[in-house]
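Tertiary structure, described
What follows is the residue order along each chain.
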Amino acid sequence: MGRLLVSFVVCVPERFDFMKQQAIGVFDSGVGGLTVCRELIRSLPKEQLIYLGDTARVPYGTKSPATVTQYALEAAEFLCQQGVKLLVVACNTASAVALPKLRETFKLPVIGVLEPGARAAIASGDGRIGVVGTEGTINSGSYERALRSIAPEAAVFSAACPLFVPLAEEGWAAHRVARQIAGEYLAPLLAARIDTLVLGCTHYPLLQDAIRAVVGAEVRLVDSAAATAIEVADLLEEADLSADRLLGAQRFFVTDVPTRFKRIGAGFLGAELQSVEQVHIG
Ligand code: DGL
């Protein structure tokens, strides 16, 4: 008994210190979650990140909640096997449909992009909130529920914008076509006189200029990637799990050949992707 107590006292601080140096696991259906990585690197430069893009099965945004949940569980399982201290679900669609199941299944903190985005949207504005996202995210009604759970009186107006994802991936964010399409998608939200617009998809921060040109200077744009990075930093601080020395490295994994991910990923991450490994999951 005495020996057990001694080993507990001796081992726990070491384990705790070891956990601080573990990586943050981040996953998305493909390249989009690199916008979340970019913000995490900006807010938490000391941390090590392990990123998985499920490029063999992208897109998630058009698939059923059951399929996306299954994919999300397999992606999270892979990251847990790498020994991460925290999971970031960098995909809005997976956050919208799979978060409860992920939290129930894995015994580590799981942060999605949806709740931080909703909290940031409520933090200012007059409560006339627009939400744009994939079909899966919008059909789930999850943003609406998250917003109303914080501010029951909020008026929420949603629109699925499926063409935004290929536009961002094609590098057409600054093309006049992007502005035209944004005009079509956002017209009903403007008619509803929104004062805040949540960019509820990993790809949409790349289209910010086209969206801004349509909604004008008065509407506040909420980037859920940036809001998530702030919440991850707060959570690590509160749990005393922040890396206490500079690790600052990133490892990138994908489930299909890395060629396209490497080529277009740089625009999402804001930096070249040095090495990307292909893995099989599921
Ligand atoms: N990453 C997805 C999201 O944020 C967009 C791409 C997809 O449909 O898989 O919802």
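Higher on the page you've got the structure.
Below or above, wherever it landed, is the structure these notes cover. All values reported here derive from a predicted model rather than from experimental measurement.

For the rest of this paragraph, the subject is the pairing of strand S8 (residues 220–223). Pairing analysis gives four bridges linking strand S7 (residues 196–200) to S8, with the strands arranged parallel. Counted as the bridge partner of Val 198 is Val 222 from S8. Where the polypeptide runs from S7 across helix H10 (residues 208–215) and back to S8, its parallel neighbour, the crossover connection is right-handed.

In this section: the packing of aromatic side chains. Tallying each qualifying case throughout the model produces six aromatic pairs. Ring plane angle 85° and centroid distance 5.3 Å describe the contact between Phe 164 and Tyr 185, whose orientation is recorded as edge-to-face. One end of the pair, Phe 164, is in helix H8 (residues 164–169); the other, Tyr 185, is in helix H9 (residues 176–191), and 21 residues separate them in sequence. For the ring pair Phe 164 and Tyr 204, a centre distance of 5.0 Å and an interplane angle of 85° mean the geometry is edge-to-face. Taken together, the residues Phe 164 in helix H8 and Tyr 204 in the loop between S7 and H10 connect sequence positions 40 residues apart.

A separate point is the site of the ligand. In the vicinity of the ligand there are 13 residues, among which Asp 28, Ser 29, Tyr 60, Gly 61 and Thr 93 approach most closely. Between the ligand and Asp 28, the relevant distance is 2.7 Å, taken from a nitrogen atom to a side-chain nitrogen or oxygen of the residue. Contact distances for the ligand include 2.8 Å between an oxygen atom and a backbone N or O atom of Gly 61. Looking at the shell around the ligand residue by residue, the class counts come to five nonpolar, seven polar and one charged.

Our next topic: the packing of helix H5 (residues 114–122) against helix H11 (residues 224–238). Two numbers describe how H5 lies on H11: the axes approach to 8 Å, and their chain directions differ by 100°. Comparing the axis directions of H5 and H11 gives the class roughly perpendicular. Contacts between H5 and H11 involve Pro 116, Gly 117, Arg 119 and Ala 120 from the first element and Ser 224, Ala 227, Thr 228 and Glu 231 from the second. Per-class residue counts for the contact of H5 with H11 are three nonpolar, three polar and two charged.

Axis separation between H9 and H10 bottoms out at 9 Å; the angle between their running directions is 50°. The pairing of H9 with H10 is recorded here as oblique in orientation. In this structure, H9 crosses over H10, and the sense of that crossing is right-handed. On H10, the residues touching Ala 178, Arg 179, Ala 182, Gly 183, Leu 186 and Leu 190 of H9 are Ala 210, Ile 211, Ala 213, Val 214 and Val 215. Considered class by class, the residues forming the contact of H9 with H10 number nine nonpolar, one polar and one charged.

The rules behind the values
- Residues numbered from 1 in each chain as written.
- Predicted model: local features only at pLDDT ≥ 70, side-chain atom pairs only at ≥ 80, totals over all residues.
- Heavy atoms only, no water.
- Pairing = 2+ DSSP bridges.
- Helix = DSSP H or I, 4+ residues; strand = E, 2+ residues; numbered from the N terminus.
- Right-handed = clockwise from strand over helix to strand, strands pointing away.
- Phe/Tyr/Trp six-rings, centres within 6.5 Å; stacked < 30°, edge-to-face > 60°.
- Near = heavy atom within 4 Å.
- Polar contact = N/O pair within 3.5 Å; in protein donor to acceptor, adjacent residues only side chain to side chain.
- Nonpolar A, V, L, I, M, F, W, Y, C, P; charged D, E, K, R; others polar.
- Axes fitted to C-alpha atoms, helices over the stretch in contact; angles between N-to-C directions.
- Parallel < 35°, antiparallel > 145°, perpendicular 65-115°, else oblique.
- Contact = heavy atoms within 4.5 Å.
- Left-handed = near helix turned anticlockwise from the far one by under 90°.

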